[in-house]
Amino acid sequence: MTGSLITENISAAYGSAQVLNAVSIAARPGAITCILGANGAGKTSLIRAIIGLLPASAGRIVLDGEPLSGLSPHARIGRGVGCVPEGRKLFPKMTVEENLRVGAYLVADKRLIGQRLDRVYQTFPRLAERRQQFAGTMSGGEQAMVSIGRALMSEPRILLIDEPSLGLSPALVRDSFAIVREINKTGVSILLVEQNVRQTLAIADYGYVISQGSVVAHGTSDALLNDAEMKKAYFGIA
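Residues numbered from 1 in each chain as written. Predicted model: local features only at pLDDT ≥ 70, side-chain atom pairs only at ≥ 80, totals over all residues. Heavy atoms only, no water.

Draft legend 1. Layout of the overall build of the protein chain. Looking only at helices and strands, the protein chain features 10 helices and 10 strands. On C-alpha atoms alone, the protein chain measures out to a radius of gyration of 17 Å, which is about the 18 Å that the 2.2 N^0.38 rule sets for 238 residues. Dimensions along the principal axes, computed over C-alpha positions, put the protein chain at roughly 50 × 40 × 35 Å. Of the accessible surface of the protein chain, which amounts to about 10,900 Å², a share of 52% is contributed by carbon and sulfur atoms. Seen as two clouds, the 25 positive and the 20 negative side-chain charges of the protein chain have centres 3 Å apart. (Helix = DSSP H or I, 4+ residues; strand = E, 2+ residues; numbered from the N terminus. Rg over C-alpha atoms; globule rule 2.2 N^0.38 Å. Areas by Shrake-Rupley, 256 points an atom, 1.4 Å probe, with all protein chains shown as cover. Lys, Arg positive; Asp, Glu negative; His and termini not counted. Charge placed at Lys NZ, Arg CZ, Asp CG, Glu CD.)

Right under this line is the structure:
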């Protein structure tokens, strides 16, 4: 497992609205790389382009030296790209375990699926207790666990996580960031999209700041905390 993801000059649009302009980032293997920026900056669009839900009009995406551009979303998942989407996107009328099994839909080996379920339940003991509960009846924090667990069922080399703290209480936000850190410790590379600057930079190794679809700053977490371009892009401070 390595998980080195590179985007080179990725551009994309929704119709006539350009949302990404020659975005180049490098998510290092075994590291937590973050994407910061205000609402509408292009963060989620970048995630959608990497996973294949938003066609790129230019540039290329490479995972561990293998090009992903042109592949379908399920093919990219098969190559090792996992995704925890913004808003979690669970199936509310399916049980916890049914939602988790969706994450392994490319796997035919029942024994292997069972092993992956066991690992998810070890990571999230609460889900083991509630495996037959409908996902739509769970709290926001529990649903976040299911969404992350579902992504882990594909055994990704790199995990794209889009706004994991969205809609959570401050206590659950802390728990969410702790979970991200623990998953990274198992060797999974993380590309984390967030608006919570300080908590994100506290766990990230390296980061990029996006404004109006372009990278305006990048560097180590410590460097970004004091970067003038980040303050301008994120807080509107000149």
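Still more ground to cover, so stick around.
Draft legend 2. Structural detail: the packing of aromatic side chains. Counted under the stated rule, the structure contains 1 aromatic pair. If you follow arginine 28 out to its NZ or CZ, it ends over the ring of tyrosine 206, 4.0 Å from the centre. (Phe/Tyr/Trp six-rings, centres within 6.5 Å; stacked < 30°, edge-to-face > 60°. Lys NZ or Arg CZ within 6 Å of the ring centre and 35° of its normal.)

Draft legend 3. Local environment of the pattern of salt bridges. Within the structure shown, the criterion is met by 12 salt bridges. As a salt-bridge pair, arginine 130 and glutamate 142 come within 2.4 Å of each other at their nearest N and O atoms. Of the two residues, arginine 130 sits in the loop between α5 (125-129) and α6 (140-152) while glutamate 142 sits in helix α6, which places them 12 residues apart along the sequence. The exposure class assigned to arginine 130 is partly exposed, which follows from its relative accessible area of 31%. For glutamate 142, a relative accessible area of 6% gives the class buried. (Salt bridge = Lys/Arg side-chain N within 4 Å of Asp/Glu carboxyl O. Buried < 20%, exposed > 50% of the residue type's maximum accessible area, 1.4 Å probe, protein only.)

Draft legend 4. The arrangement of the sheet that holds strand β7 (residues 158-162) in detail. The strand order β6-β7-β8-β3-β9-β10 describes an open sheet built from 6 strands, whose pairing is mixed. On the outer flanks of this sheet lie β6 (81-84) and β10 (214-220), each paired with one strand and no other. Going from strand to strand, the sheet's axes swing by 20° on average, the running direction of each strand aside. Summarising the sheet, strand β3 (residues 32-36) and strand β9 (residues 206-211) pair through 4 bridges and their orientation is parallel. Residue pairing across strands places threonine 33 opposite tyrosine 206, the latter belonging to β9. (Pairing = 2+ DSSP bridges. Axes fitted to C-alpha atoms, helices over the stretch in contact; angles between N-to-C directions.)

Draft legend 5. Here's a closer look at the sheet that holds strand β2 (residues 17-27). In spatial order, the strands read β2-β1-β4-β5; together these 4 strands make up an open sheet with antiparallel pairing. The open sheet has two free edges, formed respectively by β2 and β5 (66-67), since each of these has just one partner strand. The pairing of strand β1 (residues 5-14) with β2 spans 7 bridges and is classified as antiparallel. By the bridge assignment for β2, threonine 7 is matched with isoleucine 25. Where helix α1 (residues 43-51) meets the sheet, it contacts β1, β2 and β4 (56-63), and its direction lies at approximately 70° from that of β2. (Contact = heavy atoms within 4.5 Å.)

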